[in-house]
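Structural characterization, general
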Amino acid sequence: MAFTLPALPYAFDALEPHIDARTMQIHHDKHHQAYVDNLNKALAGTPNEGKTLEELMSIMSSLPPAVRNNGGGHYNHSLFWTVLGNNGSQPSGVLADAINSAFGSLDALKEKMNTAGATRFGSGWAWLIIKDGKLEVCSTPNQDNPLMDLAEVKGFPILGIDVWEHAYYLHYQNRRPDYLTAIWNVINWDEVAIRFSSAK
């Protein structure tokens, strides 16, 4: 079964003014679609055709670069669209408790994530993960993620922030820190909480 592009769960302009509609349209319809298309091509006719994304992540060190780059791109973006949404939610309950326990406060978590994203050289991602039952912040290069068996820091991602230039350049140009500050206005904490609960 070939991979397909998941529908964006809101309108392209739903995240404005923090993320503009044109960026969302190009990011989803062009960039993510290309990852899906190239992943399907890379897997076609191989023994790994038919594996789930999670199964591919677990054996990534044995797979070709085209699967690593495009499989990671498909997984990362599929997660990214779901943890965004202009619903005004805030962490609550056990997730809020875990954030306070691990970082001291939500503001401290934001600062740690923003630093991870801003200091990631070139393209990559900043992540909030569960590692050994606790929350931790890390970053990965390119389209790598903490589920990959080759990741420097391994864990289950519950929130990912894309810091590739295609995620923000039309609106923010080279001001990655401004994008990282703004994106917290459109985090869907309800979805992050669901991922947190499923991992626990």
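Summary of the structure given here. (Residues numbered from 1 in each chain as written. Predicted model: local features only at pLDDT ≥ 70, side-chain atom pairs only at ≥ 80, totals over all residues. Heavy atoms only, no water.)

1. Quick look at the side chain of His74
Its place among the elements puts His74 in helix 3 (residues 65–82). What His74 contacts, discounting residues up to four positions off in sequence, is Phe3, Thr4, Pro6, His32, Tyr35, Val36, Leu39 and Leu53. (Helix = DSSP H or I, 4+ residues; strand = E, 2+ residues; numbered from the N terminus. Contact = heavy atoms within 4.5 Å.)

2. So, the environment of Ile130
Its place among the elements puts Ile130 in strand 1 (residues 124–131). The class of Ile130 is buried, set by a relative accessible area of 10%. Placed 70 residues apart in sequence, Ile130 and Lys200 show a C-alpha to C-alpha distance of 8.3 Å. Residues within four places of Ile130 in sequence aside, it is in contact with Leu135, Gly155, Phe156, Ile158, Phe196, Ala199 and Lys200. (Buried < 20%, exposed > 50% of the residue type's maximum accessible area, 1.4 Å probe, protein only.)

3. Here we look at the pairing of strand 1
Buried residues dominate strand 1, accounting for seven of its eight residues. Note that strand 1 and strand 2 (residues 134–141) share eight bridges and pair antiparallel. Considered in strand 2, the bridge of Lys131 is made with Lys134. Taking the residues that link successive antiparallel strands as the turn, the strand 1-strand 2 hairpin has two residues, and the phi of Asp132 there is positive, at about 55°. Bridge analysis of strand 1 against strand 3 (residues 156–162) gives six bridges, and the strand direction is antiparallel. Paired with Ile129 across the two strands is Pro157, which belongs to strand 3. (Pairing = 2+ DSSP bridges.)

4. Notes on the packing of helix 1 (residues 21–43) against helix 3
The geometry of helix 1 relative to helix 3 is characterised by a closest axis approach of 8 Å and an angle of 140° between their N-to-C directions. Classified by the angle between their axes, helix 1 and helix 3 sit oblique to one another. Here helix 1 runs over helix 3; the crossing is left-handed. When helix 1 is examined against helix 3, the residues Met24, His27, His28, His32, Ala34, Tyr35, Val36, Asn38, Leu39, Ala42 and Leu43 are found in contact with a partner set consisting of Ala66, Val67, Asn69, Asn70, Gly71, Gly73, His74, His77, Ser78, Phe80 and Trp81. Looking at the contact of helix 1 with helix 3, its residues break down into 11 nonpolar, 11 polar and no charged. (Axes fitted to C-alpha atoms, helices over the stretch in contact; angles between N-to-C directions. Parallel < 35°, antiparallel > 145°, perpendicular 65-115°, else oblique. Left-handed = near helix turned anticlockwise from the far one by under 90°. Nonpolar A, V, L, I, M, F, W, Y, C, P; charged D, E, K, R; others polar.)

5. A short note on unusual backbone geometry
Cis rather than trans, the peptide bond between Glu16 and Pro17 has omega equal to 5°. By secondary structure assignment, the location of Pro17 is in the segment before helix 1. In this model, Asp132 sits at a positive phi of 55°, which is unusual for a non-glycine residue. A positive phi angle is found at Asn142, which is not glycine, with a value near 55°.

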